[in-house]
Amino acid sequence: MAALGWLTPRRRSATARSVLAGEASAEAARKTAQAETPPFDEAPDPTPDAPDAARSIAEAEAAEAPQAPAEPEFPVPGDDLAAAFFDLDNTVMQGAAIFHFGRGLYKREFFQRRELARFAWQQAWFRLAGVEDPEHMQDARDSALSIVKGHRVSELMSIGEEIYDEYMAERIWPGTRALAQAHLDAGQKVWLVTAAPVETATIIARRLGLTGALGTVAESVDGVYTGRLVGEPLHGPAKAEAVRALAGAEGLDLDRCAAYSDSHNDIPMLSLVGHPYAINPDTKLRKHARAHDWRLRDYRTGRKAVKVGVPAAAGVGALAGGTAAAIALHRRRR
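Residues numbered from 1 in each chain as written. Predicted model: local features only at pLDDT ≥ 70, side-chain atom pairs only at ≥ 80, totals over all residues. Heavy atoms only, no water.

**Student:** Just checking my understanding: could you explain the overall build of the chain for this structure?
**Tutor:** Helix and strand content of the chain: 12 helices and eight strands. Counting the 334 residues in the chain, one finds 49% classified as buried. Of the contacts made within the chain by residues no fewer than 6 positions apart, 65% connect residues no fewer than 24 positions apart. Of the accessible surface of the chain, which amounts to about 16,000 Å², a share of 54% is contributed by carbon and sulfur atoms. (Helix = DSSP H or I, 4+ residues; strand = E, 2+ residues; numbered from the N terminus. Buried < 20%, exposed > 50% of the residue type's maximum accessible area, 1.4 Å probe, protein only. Contact = heavy atoms within 4.5 Å. Areas by Shrake-Rupley, 256 points an atom, 1.4 Å probe, with all protein chains shown as cover.)

**Student:** Could you clarify how one ought to interpret helix 6 (residues 153-168) in this entry?
**Tutor:** Helical periodicity: at 3.6 residues per turn, an α-helix aligns residues three or four positions apart in one direction. Along helix 6, the sharpest kink reaches roughly 25°, centred on Glu162. The complete set of buried residues in helix 6 reads Val153, Leu156, Ile159, Gly160, Ile163, Tyr164, Tyr167 and Met168. (Bend = angle between axes of the 7 residues up to and from the residue.)

**Student:** Before we go on, may I ask you to explain the pattern of salt bridges in this structure?
**Tutor:** Pairing is possible between side chains of opposite charge, provided their charged atoms come close. Evaluated as defined, the whole model comprises 14 salt bridges. A salt bridge links Lys239 to Asp266, with the nearest nitrogen and oxygen atoms 3.1 Å apart. Here Lys239 is found in helix 9 (residues 237-250), whereas its partner Asp266 is found in the loop between strand 6 (258-261) and helix 10 (267-270), with 27 residues between them in sequence. Look at Lys239 and you get buried, because its relative accessible area is 4%. (Salt bridge = Lys/Arg side-chain N within 4 Å of Asp/Glu carboxyl O.)

**Student:** Even after reading the chapter, I still don't get the packing of aromatic side chains, so can you show me in this structure?
**Tutor:** Ring pairs (aromatic) are described by centroid distance and by the angle formed between their planes. Scanning the model with the defined rule gives two aromatic pairs in all. Judged by centre distance (4.1 Å) and plane angle (5°), the ring pair of Phe86 and Tyr260 falls under stacked. Here the residue Phe86 occupies a position in strand 1 (residues 83-87), and Tyr260 occupies one in strand 6, the gap between them amounting to 174 residues. Judged on exposure class, the residue Phe86 and its partner Tyr260 are both buried. Relative to Tyr277, the ring of Tyr260 lies with its centre 4.8 Å away and its plane at 25°, an arrangement referred to as stacked. Taken together, the residues span a long stretch of sequence, with Tyr260 in strand 6 and Tyr277 in strand 7 (residues 275-279) at a distance of 17 residues. Judged by relative accessible area, which is 0%, Tyr260 ranks as buried. One aromatic cluster is present, formed by Phe86, Tyr260 and Tyr277 through successive ring pairs. (Phe/Tyr/Trp six-rings, centres within 6.5 Å; stacked < 30°, edge-to-face > 60°.)

Here it is as structure tokens:
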């Protein structure tokens, strides 16, 4: 059984490095948002697949599931002590932002095919295992940082804009986009929270008309990446620390805030707020959400589950398919 230890998820508490990562991310997010706040009228229109995004979440749920008990309006219009925090990968966007970004960099010959295959395998392993093995995480982190080391931040930002148009724009979940728009229409700030580089996350947030983004902060000197991180990747407890730091700086009441994620790794972040939502949840998050009476939305099946515990067979099938593919790839490499 010891050989299967890497398949068993382990809880990890916040460390000094995760606190540092969270605080650095919050500082970068506020600085960027203050400097580059887009005009409200530049926010993209709601997609045809998500009509009436301006309606409150409670109104939308009531219309789609009249059997559900009536609830107070949410988000509350004009509540400036509330904000919303959205995980990115598989919550707002189908797939992993860092993988799409890597595809774009490969296309531009930032690295070779062998490095692309290695990077893809590391991502598949992590998604399959759901475990933060320190040695493996360090290897994945070093691979990603080596790609951008020596490049200018402005160069990667410019390329990131192109990559968004090429690989990401069509992968936004319309349903999650509508949830974010509901918070914006209520006058609340909306932040992405992701382990992806903060520069990439900021581009996505700006394109979606959101307030800003919390992401992994890579160290730069005189505008050039050094190949080191500030703290650690913004993942798991570090996300919660970033949200906590940002809420403190913005004067938010976390009990009035909402958070949305697909992954059990984000339970620390979801547990911080008064309104946690499981979006396209993995098996462990669905189980946790059911036990704690959190609300759930699943856009993978073309339906919206109002009550926690509604099965998502298609989602489970997709997870099983991905798991089988990763295992097959692992066996071929042995």
